[in-house]
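Chain and residue survey
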Amino acid sequence: MLISRRLVLSAVAMATLAVVVCYVVVADRTSRSRSADALVFQRLDGSSTGLAGLRGQAVLLTVWATWCWSCRQELPALARLHRGLGGRPPAVIALSVDRDGADVVEPLLEQLSVKDLPVVLDPTGVSVGRLAISGLPTTILLGPDGSEKGRWHGVKAWDEKPMMDEIAGLLADRPGRQAR
């Protein structure tokens, strides 16, 4: 009796975990209004910046935090994508929503050897609501006009060809291309 009860509880726990993982990995295709232009972030040096200054340029914005293990796993791939693009669109930006800001972000970036990825900070977390973020990491592809072209939840291999092709397809508005 005790063994079958444990078996049932284990099955329920595994099913719950499967549902959570599927939610995080599957893309959210809900259309959203664009209210990100008004957001202002801090650079690691303390100066201010925002998405409004990038209008006219495609942006791949990843929202993450140091305490998020999936986010930690993804940051090196984002840095490699940024380097690989060599200034071509989209601009890659990693937005940390850590309350302690640069004090916790900079040591993690050093630990992960992520030196050249543009990182901005939102210690107030205002961007989470404005961008309708429901989990971390969440990555949003914004077109040059500021419209949302794609949204992904969970870790992605950003620097691999299939992902880069998907991004290029979304920016080119090719039919049949959707974020995963």
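A quick note: this is a predicted structure, and the numbers were derived from the prediction, not measured. (Residues numbered from 1 in each chain as written. Predicted model: local features only at pLDDT ≥ 70, side-chain atom pairs only at ≥ 80, totals over all residues. Heavy atoms only, no water.)

Before going further, it helps to spend a moment on the pairing of strand β3 (residues 59–64). Regular strands have side chains that alternate between both faces of the sheet. Counting buried positions along β3 yields six of six residues, so the element is predominantly enclosed. Alternating positions in β3 separate into two faces, Val59, Leu61 and Val63 on one and Leu60, Thr62 and Trp64 on the other, with burial throughout. Bridge analysis of β3 against strand β4 (residues 91–96) gives six bridges, and the strand direction is parallel. Across the sheet, residue Val63 finds its bridge partner in β4, namely Leu95. With respect to chirality, the unit in which β3 leads through helix α2 (residues 69–85) into the neighbouring parallel β4 is right-handed. (Buried < 20%, exposed > 50% of the residue type's maximum accessible area, 1.4 Å probe, protein only. Helix = DSSP H or I, 4+ residues; strand = E, 2+ residues; numbered from the N terminus. Pairing = 2+ DSSP bridges. Right-handed = clockwise from strand over helix to strand, strands pointing away.)

In this section: the pattern of salt bridges. Under the counting rule described, the total for this entry stands at five salt bridges. Here Asp159 and Arg80 are joined by a salt bridge, their closest N and O atoms 2.5 Å apart. Within this pair, whereas Asp159 is found in the loop between β7 (148–153) and α5 (161–171), its partner Arg80 is found in helix α2, the two being separated by 79 residues in sequence. Note that Asp116 and Arg83 form a salt bridge whose closest N and O atoms lie 3.0 Å from each other. (Salt bridge = Lys/Arg side-chain N within 4 Å of Asp/Glu carboxyl O.)

This next bit is on a negative patch on the surface. A cluster of acidic side chains, namely Asp100, Asp103, Glu106 and Glu110, defines a negative patch on the protein surface. The residue Asp100 is located in the loop between β4 and α3 (102–111) in this model. (Patch = residues over 30% accessible without salt bridge, like charges linked within 9 Å, V, L, I, M, F, W, Y side chains within 5 Å. Areas by Shrake-Rupley, 256 points an atom, 1.4 Å probe, with all protein chains shown as cover. Lys, Arg positive; Asp, Glu negative; His and termini not counted. Charge placed at Lys NZ, Arg CZ, Asp CG, Glu CD.)

Let us look at the environment of Val119. Positionally, Val119 belongs in strand β5 (residues 119–121). In sequence terms Val119 and Gln42 are 77 residues apart; their C-alpha atoms lie 8.9 Å from each other. Setting aside anything within four residues of it in sequence, one finds Val119 in contact with Arg43, Leu44, Trp64, Ala94, Val105 and Leu109. (Contact = heavy atoms within 4.5 Å.)

Let us now look at unusual backbone geometry. The omega torsion across Pro89 and Pro90 is 0°, close enough to zero to call that bond cis. Checked against the element boundaries, Pro90 lands in the loop between α2 and β4. Cis geometry marks the peptide bond from Leu136 to Pro137; its omega dihedral reads -10°. With respect to the secondary-structure elements, Pro137 resides in the loop between α4 (126–130) and β6 (138–142). One non-glycine residue with positive phi stands out, namely Ser113, at about 60°. Summarising the element assignment, Ser113 is placed in the loop between α3 and β5.

Moving on, we come to the side chain of Asp98. Turning to its location among the elements, Asp98 is positioned in the loop between β4 and α3. Buried and without a salt bridge, Asp98 has Arg72 as its closest oppositely charged side chain, separated by 7.8 Å. In this structure the side chain of Asp98 is engaged in a polar contact, spanning 2.8 Å, whose partner is the side chain of Ser96. (Polar contact = N/O pair within 3.5 Å; in protein donor to acceptor, adjacent residues only side chain to side chain.)

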